[in-house]
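Descriptive structure summary
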Amino acid sequence: MLITTNAIVLSKLKYRDNDLIVRCYTQQLGVVSFLLRGVLKSKKGNSKVAYFQLLSQLQLVVVYKNNRSLQAIKETKLNTIYTSLHSNILKSSIVMFLSEVLSNTLKEEEKNETLYSYIETTLLWLDTHSEYSNFHLLFLLNLSRYLGFYPDTENIDYPFFNLREGKFEIKSQGRYTISRENLTLLKKLLGTTFDELSVVEINATQRQSFLSMILLYFELHLGSFKTPKSLQIFNQVFN
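Residues numbered from 1 in each chain as written. Predicted model: local features only at pLDDT ≥ 70, side-chain atom pairs only at ≥ 80, totals over all residues. Heavy atoms only, no water.

1. Concerning the layout of surface pockets
- In this model, the largest pocket occupies a volume close to 240 Å³.
- Lining the largest pocket are 14 residues, with Ser11, Ser99, Glu100, Ser103 and Asn104 positioned closest to its centre.
- Those elements giving two or more residues to the lining of the largest pocket turn out to be strand E1 (2–15) and helix H2 (89–105).
- The element contributing the most residues to the lining of the largest pocket is H2, with five residues.
- For the lining of the largest pocket, a count of residues per class yields four nonpolar, five polar and five charged. (1 Å grid on protein atoms, 1.4 Å probe; cavity = no way out; pocket = protein on both sides within 12 Å on 5 of 7 lines; lining within 4 Å. Points joined across faces, edges and corners; volume = space filled by probe spheres on them. Helix = DSSP H or I, 4+ residues; strand = E, 2+ residues; numbered from the N terminus. Nonpolar A, V, L, I, M, F, W, Y, C, P; charged D, E, K, R; others polar.)

2. Quick notes on helix H3 (residues 113–128)
- In this model H3 runs 23 Å from its N-terminal to its C-terminal C-alpha over 16 residues, within 8% of the 22 Å that 1.5 Å per residue would give.
- If you check which residues of H3 are buried, you get Leu115, Tyr116, Tyr118, Ile119, Glu120, Thr122, Leu123, Trp125, Leu126 and Asp127. (Expected span 1.5 Å × (residues − 1). Buried < 20%, exposed > 50% of the residue type's maximum accessible area, 1.4 Å probe, protein only.)

3. So, the sheet that holds strand E6 (residues 160–162)
- Pairing within the open sheet is antiparallel, and its three strands lie in the order E7-E6-E8. A single partner strand is all that each edge strand has here, and the edge strands are strand E7 (167–169) and strand E8 (177–178). (Pairing = 2+ DSSP bridges.)

4. Examining the packing of helix H4 (residues 135–147) against helix H5 (residues 180–190)
- Their axes nearest at 10 Å, the elements H4 and H5 cross at an angle of 75 degrees. Looking at the two axes, H4 sits roughly perpendicular to H5. Residues Leu137, Leu138 and Leu141 of H4 lie in contact with H5, whose contacting residues are Leu186, Leu189 and Leu190.
- Tallied by class, the residues present in the contact of H4 with H5 amount to six nonpolar, no polar and no charged. (Axes fitted to C-alpha atoms, helices over the stretch in contact; angles between N-to-C directions. Parallel < 35°, antiparallel > 145°, perpendicular 65-115°, else oblique. Contact = heavy atoms within 4.5 Å.)

5. A word on unusual backbone geometry
- Residues other than glycine seldom take positive phi values, yet Arg16 does so here, at roughly 55 degrees.
- Topologically, Arg16 is positioned in the loop between E1 and strand E2 (19–26).
- Although it is not a glycine, Leu55 adopts a positive phi angle of roughly 65 degrees.
- Residue position: Leu55 is located in the loop between helix H1 (43–49) and strand E4 (57–63).

6. Quick look at the side chain of Gln57
- The residue Gln57 is located in strand E4 in this model.
- Of the polar contacts made by the side chain of Gln57, one reaches the backbone oxygen of Glu120; its length is 3.2 Å.
- If we ignore the near neighbours within four places in the chain, the residues touching Gln57 are Ala7, Ile8, Leu78, Asn79, Thr80, Tyr82, Glu120, Leu123 and Leu124. (Polar contact = N/O pair within 3.5 Å; in protein donor to acceptor, adjacent residues only side chain to side chain.)

7. Focus: the pairing of E2
- In terms of burial, E2 is a largely internal element, eight of the eight residues being buried.
- By the alternation rule, side chains of E2 split into Asp19, Ile21, Arg23 and Tyr25 and Leu20, Val22, Cys24 and Thr26, which are all buried.
- Bridge analysis of E1 against E2 gives eight bridges, and the strand direction is antiparallel. Residue pairing in the sheet places Val9 in a bridge with Cys24 of E2.

8. Description of the side chain of His136
- For His136, the location among the structural elements is in helix H4.
- Relative accessible area serves as the criterion here: at 1%, His136 is assigned to the buried category.
- Setting aside anything within four residues of it in sequence, one finds His136 in contact with Leu98, Arg207, Leu211 and Phe234.

All we've got here are geometric facts, nothing functional implied.
Below, the structure is given as structure tokens:
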């Protein structure tokens, strides 16, 4: 069966000497892994590999078979040509980090057009803006909405937030309760759009602390979530 779908590249891995396994989040099929045979052995193949940079947005014609774990691609073309995501060192660090987070969280082979649209449009926003140092914080916070554990804002004026329960509370419930700076920042970001993000003032220490908190939040709500390996490098770049 031939299926045409938009796709966002999550990861790629060399397989044997000349092959590549590419994992994509697709608009029509959810998460799919593809085997690109022989692409590493010729100059023509290398030009194909260039399409599959992390978080590239593609249009694929897929030869899809239900019982196959590695699908085949008949045609590939770029849906979007980024102007800065892969050439700006800070943005490419965000790309590396977020691709690892998304690989970690998007497991299902199922269609979710609203989630796909969210990732697609926010990446385009990042590509075209110059104030983006807090982008990843808002991206992750909003991502939790599509994954089913966005913070309950009913009692947002309460002085504590329970990470395990995902809600604001009147008193602390122990180790997974946050307050002070992280709480203040959480409340600010819950009411912020990407276009308003530049007015939210966060220093490097606060940014790192909030990122650690939100990764813990993901860990508590997604049993299989692991801290990204690129986190340490990412924090160094942004400090």
